[in-house]
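# Breakdown of the fold
One-letter residues, chain by chain:
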Amino acid sequence: MAFKQFDRVPNHYAGEIIQQIKNFRQEEGKRSLAPTRLTIGQLEVLVPRHFGFCFGVERAIHMAFSALERHPDRDIHLVNEIIHNPLVNDDLRTRGIRFLYDSDGQRQVPEKSLSGDDVVLIPAFGTTLEIEASLHRSGVDTSSVSFRENYDTTCPFVSKVWDRGEELGREGFTIIIHGKFGHEETQATHSHTEQHTRTLVVRDAEEASRVADYIMGRTSQDAFVAEFGGKWSQGFDPATDLDRVAVVNQTTMLAEETQQVAGILREAMRDRFGEDHIDEHFADTNDTLCYATNWNQNATKALLDAEPDVAVIVGGYNSSNTAHLVEICETVMPSFLISSAEELLSPDQIRHFDLGAKTTTVTDAWRPQLPTRLAVTSGASCPDVLMNSVVEKIASFYGYDQGDIMAGLSSLSLHEPTADVV
Ligand code: SF4
């Protein structure tokens, strides 16, 4: 069986089943959002049109492995997790890359033990200017063209948000960042944007509504400060810095929610200043939304039209974009977030991450009886090999073997109809 050699990411992150599904979608229904149907006996596995590694993640991994290949004799460091996937991060650690900060932001490698001879990689989320300044003190020149081209894996779609934030900041807009305050990308965006203007981070539409209430004079400054104090840039003054606003996002947030946040704040500005003056007080930033996040989320929504009985979502437990895929799926069916096939403990037990409780839990009798329809997808930071093993293991729980899977792969089809076109 032909197996594609990856030119952008290492082959050991690929999986044969998933690769065949991808190959099929290159031939059939390339522009349709309909999921792919893999029929294994009485088990129907539905895979969304878009899933797994996005452009930015592939690029970051490609750059990390290129650095390993090119510099076998130099110490190589990553500022922190390159992406939110434990398999990829552990793989890089095993190959000798050291992480300067752990996932809680604690420094692991002292500033003075780095030198200009070391290779330092900046992750796909980007990093803060404070961390860049620390690298400079260690002798690492992050501003050189060579560094930007070879070691700065910041996704271009993240840099685009920073550039737009700068542009709008220069025009006098305060930047509202829709994101999770502690997330590396939100921290990086906050750090870069606050060089040019005031910034405020809001987590969701509910928080945006409370900012809107303040803008419209419906809540006191004390209440506003109590809730948002500390989630804004130095010198931010709610009394004067919420007259002109623009919304950008942590690129992995629900795109729909970012639009909702923007809509709520636009409405508040219209209420306060009138429709005739809206352009002076609210800037349209739709052009900063990440296409990959949009595609994965829209493809997952299209998957729901096929009415699966259960969904298994594969990805890191600290992966924001993966969490949003779970949220989409669990609106209509039992949905389980797992990091790998090892979490499929037995035919009847699954250990999965509970997003609400932020802990793993074990669920019994999670698997529907045959015939059944199972949705499987993965986040933008999840290697295909993990999703591949999950499909294999679930099939084996139903008594199906590799031969049955191969038979299914020879008759892949689209689960029509889904009229949307990407
Ligand atoms: S989700 Fe979008 S912004 Fe984030 S790394 Fe992928 S392509 Fe880049």
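Residues numbered from 1 in each chain as written. Predicted model: local features only at pLDDT ≥ 70, side-chain atom pairs only at ≥ 80, totals over all residues. Heavy atoms only, no water.

### So, the packing of aromatic side chains
Aromatic rings considered in pairs are described by the distance between their centres and by the relative angle of their planes. One pass over the structure, following the stated rule, counts 12 aromatic pairs. Relative to Phe236, the ring of Trp232 lies with its centre 4.9 Å away and its plane at 20°, an arrangement referred to as stacked. Note on Trp232: relative accessible area 18%, which makes it buried. Residue classification places Phe236 among the buried positions, given a relative accessible area of 8%. Taken together through their ring pairs, the aromatic side chains of Tyr214, Phe224, Phe228, Trp232 and Phe236 make up a single cluster. Here Arg93 stacks its cationic end above the ring of Phe99, 4.2 Å away from the centre of that ring. The ring of Phe173 has Arg244 sitting right over it, with the charged end atom 4.2 Å from the ring centre. (Phe/Tyr/Trp six-rings, centres within 6.5 Å; stacked < 30°, edge-to-face > 60°. Buried < 20%, exposed > 50% of the residue type's maximum accessible area, 1.4 Å probe, protein only. Lys NZ or Arg CZ within 6 Å of the ring centre and 35° of its normal.)

### Re the sheet that holds strand S7 (residues 199-202)
Spatial ordering of the open sheet is given by S7-S6-S8-S9, a layout of four strands whose pairing is parallel. The open sheet is flanked by S7 and strand S9 (282-283), the only strands paired with a single partner. (Pairing = 2+ DSSP bridges. Helix = DSSP H or I, 4+ residues; strand = E, 2+ residues; numbered from the N terminus.)

### Some words on the site of the ligand
In the neighbourhood of the ligand, the contacting residues comprise Cys54, Gly56, Cys155, Phe157, Val158, Thr251, Cys290, Ala292 and Thr293. Of all the secondary structure elements, the ones that give two or more residues to the shell around the ligand are helix H6 (156-170) and helix H12 (291-304). Within the shell around the ligand, the residues separate by chemical class into six nonpolar, three polar and no charged. (Near = heavy atom within 4 Å. Nonpolar A, V, L, I, M, F, W, Y, C, P; charged D, E, K, R; others polar.)

### Thoughts on the pairing of strand S1 (residues 36-40)
In S1, alternate side chains face the same way, and those of Thr36, Leu38 and Ile40 are buried while those of Arg37 and Thr39 on the opposite face are not. Of the pairings in the sheet, the one linking S1 to strand S2 (residues 43-47) comprises five bridges and is antiparallel in character. Bridge pairing in S2 places Arg37 opposite Leu46. The antiparallel pairing of S1 with S2 creates a hairpin that spans two residues between the two strands, and Gly41 there sits at a positive phi of about 60°. Relative to strand S16 (residues 413-414), S1 runs antiparallel, the two being bridged by two bridges. By the bridge assignment, Arg37 is partnered in S16 with Ser413.

### What to know about the pairing of strand S11 (residues 335-338)
Across the two faces of S11 the burial is the same, with Ser335 and Leu337 and Phe336 and Ile338 all buried. Two elements, strand S10 (residues 310-314) and S11, share four bridges in a ladder whose sense is parallel. Paired with Ile313 across the bridge in S11 is Leu337.

### Some points on the packing of helix H2 (residues 55-70) against helix H3 (residues 86-94)
Between H2 and H3, whose axes approach to 11 Å, the crossing angle comes to 10°. Taken together, the axis directions place H2 and H3 in an arrangement best described as roughly parallel. Here H2 contributes Ile61, Ala64, Phe65 and Leu68 to the contact with H3, which in turn contributes Val88, Asp91 and Leu92. In the contact of H2 with H3, the residues fall into six nonpolar, no polar and one charged. (Axes fitted to C-alpha atoms, helices over the stretch in contact; angles between N-to-C directions. Parallel < 35°, antiparallel > 145°, perpendicular 65-115°, else oblique. Contact = heavy atoms within 4.5 Å.)

### Here we look at the nonpolar core
One finds Ile61 and Leu92 to be the most contacted residues of the largest nonpolar core, which totals 37 residues. Breaking this core down by element, the ones donating at least two residues are H2, strand S3 (76-78), H3, strand S5 (119-121) and helix H4 (129-137). Looking at which element gives the most residues to this core, the answer is H2, with seven residues. When residues are assigned to domains, this core turns out to be shared by domain 1 (11-53 + 292-414) and domain 2 (55-150), each giving three or more. (Core = buried A, V, L, I, M, F, W, Y, C linked by side-chain atoms within 4.5 Å. Domains from an automatic or database assignment.)

### Some words on the sheet that holds S5
One open sheet accounts for three strands, arranged S4-S3-S5; its pairing is parallel. Only two strands of the sheet have a single neighbouring strand rather than two, namely strand S4 (98-99) and S5. Bridging between S3 and S5 involves three bridges; their strand directions are parallel. If you follow Leu78 over to S5, its bridge partner there is Leu121.

### Focus on the domain arrangement of the protein
Domain annotation for the protein reports domain 1 (11-53 + 292-414), domain 2 (55-150) and domain 3 (156-289). Computed over C-alpha atoms only, the centres of domain 1 and domain 3 are separated by 35 Å. Each partner contributes residues to the interface: domain 1 has nine residues there, and domain 3 has 10 residues. Broken down residue by residue, the surface that domain 1 buries against domain 3 is led by Thr293, Ser320 and His324, which jointly contribute 48%. Along the contact surface separating domain 1 from domain 3 lie one salt bridge. Across the pair Lys301 and Glu256 runs a salt bridge, and its minimum N-O distance is 2.9 Å. Sorting the residues of the side of domain 1 that touches domain 3 by element identifies H12 and helix H13 (320-329) as the ones contributing at least two each. It is H13 that provides the largest number of residues to the side of domain 1 that touches domain 3, a total of five residues. (Buried area = accessible area lost by both parts, 1.4 Å probe. Salt bridge = Lys/Arg side-chain N within 4 Å of Asp/Glu carboxyl O.)

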